[in-house]
Amino acid sequence: MIIQSIELNNFRNYENLQISFDEGTNILFGDNAQGKTNILEAAYLSGTTKSHKGSKDKEMIRFGTNEAHLRTMVLKNGKQYQIDMHLKHNRSKGIAVNKIPMKKASELFGILNIVFFSPEDLNIIKEGPAGRRRFIDLELSQLDKVYLNNLSNYNRIVNQRNHLLKELSFGGKKDLSDTLEIWELQMVQYGERLIARRKEFVEQINGIIAKIHQRLTGGKESLKIIYEPSTGDLPFEQALNRYRERDLRMKSTTVGPHRDDIGFLIGDMDIRKYGSQGQQRTAALSLKLSEIELVKLATHDTPILLLDDVLSELDKHRQNYLLDSIHDIQTLITCTGVEDFVNHRFSINKVFHVQNGQVTKEN
């Protein structure tokens, strides 16, 4: 699959932009704060309905205007898709595919499979579990619409349970306690499905990441990922019952898939806690490269790779390995200068200079 073009109207710092991409490697270079990452954000938004930064719709609308429009043309398995997105200040975004409106934003998932790699991703190992859960949820949501539906329902029920916990902690009525048990039955139903699918995902990644990591480290290290339920050894339903009193005190649901984590082991060492920065970054690179391979296996197609100023954060060895691994997929790369690629035997198909919201194709 490839992104053929993106049109932006009043998106971030772009008043009007139309940019066409090559099916190979596309370089977007320029000084910082000129709008390079905004183009990657638009591509990511077109595939996932979300900003990679976690920005709200109104924050992506150009300052001083009321709405933004995006149009992304995609070619997938010989078929063309036109993805239109309308961002508004105080209403949900509007989405249409081939001019047919989507009833739910989640219906967009699966048309575009995108792997986003930024300097922040290099810290996914050493930082908190929220980023690691987000990695699993976003990837599985792109690959598995059943998972996306279960995740949406689970999150809705957790929010409802948390609301009830707060009411009960302030002396709510008995009928609220009965309602709590009804919500928990549904919460367990969806939560167990999420846990099972995530464990399957981790097994699939392990089948890929070990070889990649060994090559990256010259055979010196063997990396393994493990799934860590917040319930410990207890089944989810038992854990909910055991910790209900604690949840009432905390006014929050303290166990479940929304609190789970994944661990990264080199031998028996948990590198989240005891690994060096180099080990953590190499493991993060291995994880991203594994994500690309997993999408290829699951979809029988290649994802779109978005690299946001990552090369400057990697040493020459890791740069070379990354660039050698992506020669067969469409890639959009942001950087401050094309000299980053001078020493690499790397084919560049299109180069764009980005300056103050203006994009110029270089010869």
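None of the values given here were measured: they were computed from a predicted structure.

Trainee: Sorry, what's going on with the nonpolar core here?
Mentor: Considering soluble globular proteins, one finds that nonpolar side chains tend to be buried as a cluster. Core analysis: the largest hydrophobic core is formed by 65 residues, its most contacted members being Ile225, Phe264, Leu287, Leu322 and Ile326. Sort the elements by how many residues they give to this core and helix H5 (residues 174–216) lands first, with 14 residues. If near-sequence neighbours (up to four positions away) are discounted, Leu322 is found in contact with Phe117, Leu285, Leu289, Leu307, Val310, Leu311 and Leu314.

Trainee: What is the right way to look at the pairing of strand S12 (residues 304–308) in this model?
Mentor: Looking along a regular strand, one sees the side chains alternate between the two faces of the sheet. Burial runs high along S12: 5 of the 5 residues are buried. Residues Ile304, Leu306 and Asp308 line one face of S12 and the alternating positions Leu305 and Leu307 line the opposite face, and both faces are buried. In the sheet, strand S8 (residues 114–117) pairs with S12 via 4 bridges, with the strands oriented parallel. Paired with Val115 across the two strands is Leu305, which belongs to S12. Of the strand pairs in this sheet, S12 and strand S13 (residues 331–335) are connected by 4 bridges, and their pairing is parallel. Residue pairing for S13: Asp308 is matched across the bridge by Thr334. For the segment spanning S12, helix H10 (residues 316–325) and S13, crossover handedness is right-handed.

Trainee: Teacher, can you tell me more about the sheet that holds strand S7 (residues 100–101) here?
Mentor: The pairing of strands in a sheet comes from backbone hydrogen bonds and takes either a parallel or an antiparallel form. An order of S2-S1-S4-S5-S6-S7 is seen for the 6 strands of this open sheet, with the pairing classed as antiparallel. With one partner strand each, in any of the chains shown, strand S2 (14–20) and S7 form the two edges of the open sheet. Of the pairings in the sheet, the one linking strand S5 (residues 79–88) to strand S6 (residues 94–97) comprises 4 bridges and is antiparallel in character. Residue pairing for S6: His86 is matched across the bridge by Gly94. The sheet strands contacting helix H1 (residues 36–48) are strand S1 (2–11), S2, strand S4 (67–76) and S5, and the helix crosses S1 at an angle near 110 degrees.

What counts, and at which threshold
Residues numbered from 1 in each chain as written. Predicted model: local features only at pLDDT ≥ 70, side-chain atom pairs only at ≥ 80, totals over all residues. Heavy atoms only, no water. Core = buried A, V, L, I, M, F, W, Y, C linked by side-chain atoms within 4.5 Å. Buried < 20%, exposed > 50% of the residue type's maximum accessible area, 1.4 Å probe, protein only. Helix = DSSP H or I, 4+ residues; strand = E, 2+ residues; numbered from the N terminus. Contact = heavy atoms within 4.5 Å. Pairing = 2+ DSSP bridges. Right-handed = clockwise from strand over helix to strand, strands pointing away. Axes fitted to C-alpha atoms, helices over the stretch in contact; angles between N-to-C directions.

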